[in-house]
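The primary structure of each chain is shown beneath.
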Amino acid sequence: MSAEIAASLRTMIQEGELPPGVRIDEKAFCDAFDVSKTPLREALKILVSEGLVLHRQYIGYRVAPLDLAELRSTFETLHGLEAYAGELVAQRLTDVALARIERKHQSMIDAHAAGRRTDYFRTNQEIHQLIVDSTGNAVLSGIYATLMSKVHRARGAANADMLRWQESHEEHEAIMAALREPGRPRLPSILREHSENTAREVLRVVEQSLAEPATRAGNASRGR
């Protein structure tokens with residue numbers, strides 16, 4: 001039971017439903033999962049060991065904050081990988097691979113139309129990996145997957161913003177149009193631009209989440 005609860009909470013953290021720094025209300029989650037505190041705390045211990053959750057005695061559990069400097073560096077690297085993947089895909093994309101991406105894109109459109117944000121975000125990530133996998137370069141695919149796992153949680157938090165959700169959807173339509181073009185000349189630049197736009201919004205959200213505790217602390221100090 002604790003493993004199942006941990007899996008659910010892990011998904012909520014990675015998809016942005018539980019944003020960085022938020023306090024985990026044990027009573028609320030016991031009610032939500034219909035369990036006692038024992039299996040919930042066992043689940044939280046698993047997430048503490050993974051670095052997704054922090055625990056302070058007498059204070060309780062919180063979602064671990066994100067490392068802003070590491071995120072910036074990771075995104076800078078991803079921008080280059082996206083553009084390079086675009087160059088290789090422009091030369092190597094097969095009809096079978098394009099059809100697979102098209103099907104996944106349609107699933108993303110359906111999730112967007114139905115308002116299923118979590119499904120949309122997950123499918124969005126899968127499309128990016130499929131595009132990189134279409135290069136036929138296993139080393140590039142592996143490096144990309146590793147770096148994307150580092151920013152996954154932060155991307156989930158940013159995609160909770162409805163405006164960015166719509167912008168991301170429109171940018172993916174542009175990516176698909178570039179994939180369908182003969183020779184695909186615009187693909188590298190469009191993939192890089194999409195990556196930069198995503199990074200800009202993700203870093204803004206993370207910076208804001210890191211600033212809020214300091215602001216609250218300052219207000220509390222002035223109040224005293």
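Parameters at a glance
Each residue is numbered by its place in its chain's sequence as written, counting from 1. Predicted model: local features are reported for residues with pLDDT of at least 70 only, side-chain atom pairs are reported and counted for 80 or more only, and whole-chain, interface and lining totals are derived from all residues. Excluding hydrogens and water, the side-chain figures rest on all heavy atoms present in the structure. Numbered from the N terminus, helices here are DSSP runs of H or I no shorter than four residues, and strands are runs of E no shorter than two. Burial classes: relative accessible area under 20% of the type maximum marks a residue as buried, over 50% as exposed, and values in between as partly exposed (1.4 Å probe, protein chains only). Residues are treated as being in contact if the distance between any of their heavy atoms lies within 4.5 Å. We get accessible surface area from the Shrake-Rupley algorithm with a probe of 1.4 Å; when it comes to residues, only the shown protein chains can shield them. Every case where a carboxyl oxygen of Asp or Glu lies within 4 Å of a side-chain nitrogen of Lys or Arg is listed as a salt bridge. By this rule the span expected of a helix is its residue count minus one, scaled by 1.5 Å. Here an angle of 0 to 180 degrees is reported between the N-to-C directions of two axes, which are lines fitted to C-alpha atoms, with helices fitted over the stretch in contact. Any angle between 65 and 115 degrees counts as roughly perpendicular, while under 35 counts as roughly parallel, over 145 as roughly antiparallel, and the rest as oblique. Nonpolar residues are Ala, Val, Leu, Ile, Met, Phe, Trp, Tyr, Cys and Pro. Charged residues are Asp, Glu, Lys and Arg, and all others, Gly as well, are polar. Put simply, two rings from Phe, Tyr or Trp (the six-membered ring, in Trp's case) pair if the centres are within 6.5 Å, and we call them stacked under 30 degrees between planes, edge-to-face over 60, tilted for the rest.

### What about the overall build of the chain?
No. 1: The secondary structure content of the chain amounts to nine helices and two strands.
No. 2: Across the chain, helices and strands are ordered from the amino to the carboxyl terminus as α-α-α-β-β-α-α-α-α-α-α.
No. 3: Counting the 224 residues in the chain, one finds 46% classified as buried.
No. 4: Long-range pairs, those at least 24 residues apart, make up 73% of the contacts in the chain with a sequence separation of at least 6.
No. 5: In the structure as shown, the chain presents an accessible area of about 11600 Å², 52% of it carried by carbon and sulfur atoms.

### Some details on the environment of Thr-77
No. 1: Within the element layout of this structure, Thr-77 appears in helix H4 (residues 68-92).
No. 2: The partly exposed category is assigned to Thr-77, whose relative accessible area is 41%.
No. 3: Between the alpha carbons of Thr-77 and Pro-39 there is a distance of 40 Å; along the sequence they are 38 residues apart.

### As for the pattern of salt bridges
Close approach of charged atoms allows side chains of opposite charge to pair.
No. 1: Per the counting criterion, the structure on display carries 13 salt bridges.
No. 2: For Arg-192, the salt bridge is made with Glu-196, and the minimal N-O distance between the two is 3.0 Å. Of this pair, Arg-192 and Glu-196 both sit in helix H9 (residues 187-223), four residues apart, which is roughly one turn of the helix.
No. 3: For Glu-196, a relative accessible area of 30% translates into the label partly exposed.
No. 4: Bridged by salt links that share partners, the residues Arg-116, Asp-119 and Arg-122 form one connected network.

### Observations regarding helix H6 (residues 117-133)
No. 1: With 17 residues, H6 extends 24 Å from end C-alpha to end C-alpha; this agrees with the ideal 24 Å at 1.5 Å per step.
No. 2: Most of H6 is tucked away, with 13 of its 17 residues classed as buried.

### With respect to the packing of helix H2 (residues 26-33) against helix H3 (residues 37-49)
No. 1: Two elements in contact, H2 and H3, have axes whose closest approach is 10 Å; the angle formed by their N-to-C orientations is 110°. Here H3 runs roughly perpendicular to H2, going by the angle between their axes. Judged by residue contacts, Glu-26, Phe-29, Cys-30 and Phe-33 of H2 engage Lys-37, Leu-40 and Arg-41 from H3.
No. 2: Looking at side-chain class alone, the contact of H2 with H3 contains four nonpolar, no polar and three charged residues.

### Description of the packing of aromatic side chains
No. 1: Overall, the coordinates contain one aromatic pair when judged by the stated rule.
No. 2: Both rings, one in Phe-29 and one in Phe-33, keep their centres 6.1 Å apart while their planes meet at 20°; by these two values the pair is stacked. Pair noted here: Phe-29 and Phe-33 are both in helix H2, with a separation of four residues, about one helical turn.
No. 3: For Phe-33, a relative accessible area of 24% corresponds to the partly exposed category.

### Quick notes on the side chain of His-128
No. 1: Summarising the element assignment, His-128 is placed in helix H6.
No. 2: Those residues within four positions of His-128 in sequence are excluded, and the remaining contacts are Glu-82, Tyr-144, Arg-155, His-172, Ile-175 and His-194.

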